[in-house]
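Notes for the structure review
The residues making up each chain are set out below.
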Amino acid sequence: MNRYPTWKYALIAFAVLLAFLYTLPNFFGEVPAVQITPARATMKVDGTITAPGPVTLIAGGTMSLTENAKVHATVLDTSLQAGAIDMAAGAAVSVDVGKLTVQSDSTLTMADGATMTVQQGTIDITTVGDAIVTGIFTGNPTESAISITSTEGHILAGHTLGSGHIDIQADT
């Protein structure tokens, strides 16, 4: 009845199944492990947000990270997008391996003691208004390790004089 041996049909079925598995990522795009977008314009982070993959926080208005806020992704990218971003002393945003992107349509204000850390990767901060920064660290020693851009404002040191805190550090 069959013109070919059964093992050849099994081999063809296996090849088709394997091809189907390889096409699945095309149907399901990259989605952050954690994506938080509040219904209101403002967002207040007052606790820990941790994910094994990407973390994206989006607020149409002001995003406030309190002294208890800890945002952490182990791999891939972390993104903060808001009208204005305020980080209290003790607030921390960190990525083990990947990129940290911070975008503000207004200002970024980091109080003395707030931190942004990427162990292996880059940090890209873009604001329209002033960027008051402190506690920014990456283990990447290259020229592109940290980028801070303010299109219509200033980039200012956020540490208190004599506090001993380092504002920006790219190191191995």
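My aim in this report is to walk through the structure given alongside it, one point at a time. (Residues numbered from 1 in each chain as written. Predicted model: local features only at pLDDT ≥ 70, side-chain atom pairs only at ≥ 80, totals over all residues. Heavy atoms only, no water.)

Considering the sheet that holds strand β15 (residues 155–157)
Here is the rule we go by: At least two DSSP bridges between two strands are needed for those strands to be called paired. Only runs of H or I of at least four residues qualify as helices and only runs of E of at least two qualify as strands under DSSP, and these elements are numbered from the N terminus. Here an axis means a line fitted to C-alpha atoms, over the contact stretch when the element is a helix, while the angle between two N-to-C directions is reported on a 0 to 180 degree scale.
Taken in spatial order, the six strands of this open sheet run β2-β5-β8-β10-β12-β15, and their pairing is parallel. At either end of the open sheet lies a strand with only one pairing partner, and these are β2 (43–45) and β15. Between one strand axis and the next, the sheet turns through 15° on average, direction left out of account. The pairing of strand β5 (residues 62–65) with strand β8 (residues 84–87) spans four bridges and is classified as parallel. Looking at β8, one finds that Met-63 is bridged to Ile-85.

Structural notes on the pairing of strand β6 (residues 70–75)
As defined by bridge partners, strand β3 (residues 48–51) adjoins β6 across four bridges and the pair is classed as parallel. Counted as the bridge partner of Ile-49 is Val-71 from β6. Here β6 pairs with strand β9 (residues 92–104) via five bridges, running parallel. Bridge pairing in β9 places Ala-73 opposite Val-95.

Some words on the packing of aromatic side chains
For clarity, the threshold we go by: Only the six-membered ring of Trp is used, alongside the rings of Phe and Tyr, when aromatic pairs are assigned; centres must lie within 6.5 Å, and planes under 30 degrees apart are stacked while those over 60 apart are edge-to-face, with the rest tilted. The buried label applies to any residue whose accessible area, calculated with a 1.4 Å probe on protein chains only, is under 20% of its type's maximum; exposed applies above 50%, and partly exposed to all values in between.
By the definition in use, this model includes one aromatic pair. Centre to centre, the rings of Tyr-4 and Tyr-9 are 6.4 Å apart; their planes meet at 70°, and the pair counts as edge-to-face. What makes Tyr-4 partly exposed here is its relative accessible area of 47%.

A look at the side chain of Thr-134
Under the convention used in this document: Identification of polar contacts relies on pairs of N or O atoms within 3.5 Å, with a donor-acceptor requirement for protein atoms, meaning one able to donate a hydrogen and the other able to accept it, and with residues adjacent in sequence counted only if both atoms are side-chain atoms. Contact criterion: two residues are considered in contact whenever any of their non-hydrogen atoms come within 4.5 Å of each other.
Turning to its location among the elements, Thr-134 is positioned in the loop between β12 (131–133) and β13 (136–138). Separated by 2.9 Å, the side chains of Thr-134 and Asp-167 make a polar contact. Not counting the four nearest positions on each side in its chain, Thr-134 is found in contact with Met-110, Ala-111, Asp-112, Gly-113, Ala-114, Gly-158, His-159, His-165, Ile-166 and Asp-167.

Considering unusual backbone geometry
Most peptide bonds are trans, and most residues other than glycine sit at a negative phi. For Leu-76, which is not a glycine, the phi torsion comes out positive at approximately 70°. Mapping Leu-76 onto the fold places it in the loop between β6 and β7 (78–82). Among the residues examined, Leu-76 registers a relative accessible area of 45% and is labelled partly exposed.

Fair warning: the whole summary comes from geometry, so function is off the table for now.
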